Amino acid sequence: MCRVVDLQQAVLAKNDTTAQHLRTELAGRGTAVVNLLSSPGSGKTALLERELVLARETGVPVAALTADLATENDATRLARSGALVKQVLTDGLCHLEAHMLSGHLDGWLPEDTRLLFVENVGNLVCPASYDLGETLRVVLASVTEGEDKPLKYPTAFGLAHLVLVTKADIAEAVEFDEDAFRAHVEQVNPGVEVLLTSARRGDGVGVLLDRALDAANGAPVHRPVMARQHPSPHTHTHAHTHAHTEHGADDRDRSRTHTGRGEQAAVPGAPGAAAQTRA
């Protein structure tokens, strides 16, 4: 068991080093990464699409990379915003890692990109432990998921810089207890900002873009207590049943670039205008 823990810590340490290098590299060209974490079905994609539309309307150079185990549905939806979008298919891997993200950005992300939104795999366990070189980490939870969600997933919520509640338009119908939810978030991450949103009704649309731009412009972000308690802010608190091998971006995940008009375009260097690649 000790050897398993040692291996996990070694993998995470290497990831943190890669993440810091990526953070420094992107910051040097003026790009901030926003890492979005949530459970499946939280409404993350719907809200992100609205934020991308707003970014385009206000002239913010923005791109989005979305990761899923299968299907390109989310990328197709996000591309309707007019933003540059890339779909990454992880083929069963439950999270993104820093070296994977770095590989997918190489040759794809425009130099003038101000904000890169990364829609992580829908999962509040594995992705919570992996720093992607983000400037802002946002955890989203819908009103249908229960007020005790932060207590069930303390690492995800405990390392968030911002917490967004989605689907606020149906909060009353599902008897969502906002006060209880806020109290539970405060228990695992004291002082973090919690905001309500509704992509359908428009409540809070734009707040994610505003907070992301603030962070990109150097405004201080919330520093979670959990991050201050550990040498590395991304601590593995669960055991995987799958192996953490040194998989590169070319052996476990696939990608496809979507243009801002919704059609599929060739990934740089790939043969064919709609080539599915090992990127």
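Above this note sits the structure.
Below, the structure is looked at part by part. (Residues numbered from 1 in each chain as written. Predicted model: local features only at pLDDT ≥ 70, side-chain atom pairs only at ≥ 80, totals over all residues. Heavy atoms only, no water.)

### A word on the side chain of Glu119
Tracing the backbone through its elements, the reader meets Glu119 in strand S4 (residues 115-119). Nearest to the buried, unbridged Glu119 among oppositely charged side chains is Lys44, at 4.1 Å. A polar contact of 2.4 Å, which involves the side chain of Glu119, links it to the side chain of Thr45. Those residues in contact with Glu119 that sit more than four places away from it in its chain are Leu36, Lys44, Thr45, Leu48, Leu65, Thr66, Ala67, Asp74 and Leu78. (Helix = DSSP H or I, 4+ residues; strand = E, 2+ residues; numbered from the N terminus. Buried < 20%, exposed > 50% of the residue type's maximum accessible area, 1.4 Å probe, protein only. Lys, Arg positive; Asp, Glu negative; His and termini not counted. Salt bridge = Lys/Arg side-chain N within 4 Å of Asp/Glu carboxyl O. Polar contact = N/O pair within 3.5 Å; in protein donor to acceptor, adjacent residues only side chain to side chain. Contact = heavy atoms within 4.5 Å.)

### Comments concerning the environment of Glu97
Structurally, Glu97 can be placed in the loop between strand S3 (84-89) and helix H4 (98-105). Through-space distance from the C-alpha of Glu97 to that of Gly133 is 9.5 Å; in sequence the pair is 36 residues apart. Within the structure, the side chain of Glu97 is placed 2.9 Å from the side chain of His95, a separation counted as a polar contact.

### Some thoughts on the environment of Val194
With respect to the helices and strands, the residue Val194 is situated in strand S7 (residues 193-196). Judged by its relative accessible area of 8%, Val194 is buried. Sequence-wise, Val194 and Arg182 are 12 residues apart; in three dimensions their C-alpha atoms are separated by 7.1 Å. In contact with Val194, not counting residues within four places along its chain, are Val163, Val165, Phe181, Arg182 and Val185.

### Some remarks on the pattern of salt bridges
Tallied over the entire structure, the rule returns 9 salt bridges. The salt bridge involving Glu111 is made with Arg29; its shortest N-O contact spans 3.7 Å. You can see Glu111 sitting in the loop between H4 and S4 and its partner Arg29 sitting in the loop between helix H1 (2-28) and strand S1 (32-38), a full 82 residues away along the chain. With its nearest N and O atoms 2.8 Å apart, the salt bridge here joins Arg182 to Glu178. Taken together, the residues Arg182 and Glu178, both in helix H7 (residues 178-188) and 4 residues apart, mark about one turn of the helix.

### A closer look at the packing of helix H2 (residues 44-57) against helix H8 (residues 207-216)
In contact at an axis separation of 8 Å, H2 and H8 are set at 60° when each is read in the N-to-C sense. Relative to H8, the element H2 is oriented oblique. Contact residues: Glu51, Leu54 and Ala55 in H2; Val207, Leu208 and Leu209 in H8. (Axes fitted to C-alpha atoms, helices over the stretch in contact; angles between N-to-C directions. Parallel < 35°, antiparallel > 145°, perpendicular 65-115°, else oblique.)

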